[in-house]
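Below are the chains, spelled out letter by letter.
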Amino acid sequence: MFTEVLPQQQVAPRPEAATAEPGIAESGIAESRTATDAPRPAKQKSRRTGRSFSIVPYLYVLPAVALLLLWTYLPLAQTFELSFYDWNLLPTKAKEPVGLENYATVLTLPEMQQALGNTVLYIGAFFLLSVALPVIFALLSKRVSGRAKTIYQALIFVPYLVTPVATSAIWRWLFAEEGGTIPAVAHFFGIDMGNVFREPGASMIAVMVIVGWQLLGFGVLVVSAGLSGISPDYEHAAGVDGARRWQITSRITLPLLSPSLVFLSLMTILLSAQWTFPMIDIITQGGPSGSSTNIYYLLYEFGFKNFDAGISAAAGVLFFIGFGLIALVFVELSEKLSFHDN
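Everything numeric here is computed off the predicted structure, so don't read it as measured data.

Considering the pattern of salt bridges
Under the definition given, this model contains 1 salt bridge. Across the pair Glu235 and Lys142 runs a salt bridge whose closest N-O atoms are separated by 3.8 Å. You can see Glu235 sitting in helix H10 (residues 232-240) and its partner Lys142 sitting in the loop between helix H5 (110-141) and helix H6 (147-161), a full 93 residues away along the chain. Judged by relative accessible area, which is 29%, Glu235 ranks as partly exposed. Judged by its relative accessible area of 40%, Lys142 is partly exposed.

What follows is the structure, given as structure tokens:
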């Protein structure tokens, strides 16, 4: 009488049917990939094996490297070799090997000790004239705007463009005892300057002032470039918080300017003796009694006045090692002494 209705059973698909269609699809995709991307495995293989070597980029730097080897490293190697010989620069005389005698002689010379002391004094003076003063002038130039700022910076930078020979001639004429402009002005105010370049104390101060005046523009240029890289948002934010101008300068500007100051300090240490050499050679000749000489001028006297190439080479090698160690230490400390805008 009653008909029992059974629920329709869901027939599960056969595994063969479920896997057949994806397999067919995958085989079709694989066939299409192999058909379209046939050459790709060859490219991947070539990339794995490595890039092809090209000599063209090295040809661009070859002239610079050749000149560097010819004019820097080759003379340096010859100087190191010459420091172990006794030679008077005459081609007719053979070089006599003396071992480390030249180095021992250099370390005991009283002239060398005096030149080292003068070089340290020059470096200390140039820290004021080439690092501290440029910071002040560069900060003052920030308050000047428009074309006046460009003229202001150009007037400061112009002395750096004048050759050392011309600069020495001009200052030698200005400080001349008879007819010089500066002694005449000093005499008008009742000051008798005398011959500045022939007095032991005044000659060294005169060299410092002349070289510092000429290098002031270079320092201002470096510091101004560093200031241009500092975002003005820091100054505006500090001003909104109520900070004063000197607080902004000491706590924000100078710390962010530290990379430029580290660079200027390193240049001052390494190049101060080189900067003063032309002025000493033309104006004072290291005198009187070696009061204005430095290590570079002393090397020149050893080699080309005393004709003692071995002593000059040994002193040059010692200075090269000393300044190299200072540069390495300074570079290592630069990351700790510098604050970057990051």
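Notes on the packing of aromatic side chains
Here the structure, examined in full by the defined rule, presents 14 aromatic pairs. Between Phe157 and Tyr160, the aromatic rings sit 5.6 Å apart at their centres with planes inclined by 40°, giving tilted as the arrangement. Taken together, the positions of Phe157 and Tyr160, both in helix H6 and 3 residues apart, correspond to about one turn of that helix. Judged by its relative accessible area of 34%, Tyr160 falls in the partly exposed class. Between Tyr300 and Phe304, the ring centres sit 5.8 Å apart and the planes meet at 35°, which makes this aromatic pair tilted. With a gap of 4 residues between them, Tyr300 and Phe304 both fall in helix H13 (residues 295-304), about one helical turn apart. Here Tyr300 falls in the partly exposed class, since its relative accessible area comes to 29%. For Phe304, a relative accessible area of 56% puts it in the exposed group. Through successive ring pairs, a cluster of aromatic residues spans Trp171, Phe175, Phe197 and Trp213.

What counts and what doesn't
- Residues numbered from 1 in each chain as written.
- Predicted model: local features only at pLDDT ≥ 70, side-chain atom pairs only at ≥ 80, totals over all residues.
- Heavy atoms only, no water.
- Salt bridge = Lys/Arg side-chain N within 4 Å of Asp/Glu carboxyl O.
- Helix = DSSP H or I, 4+ residues; strand = E, 2+ residues; numbered from the N terminus.
- Buried < 20%, exposed > 50% of the residue type's maximum accessible area, 1.4 Å probe, protein only.
- Phe/Tyr/Trp six-rings, centres within 6.5 Å; stacked < 30°, edge-to-face > 60°.

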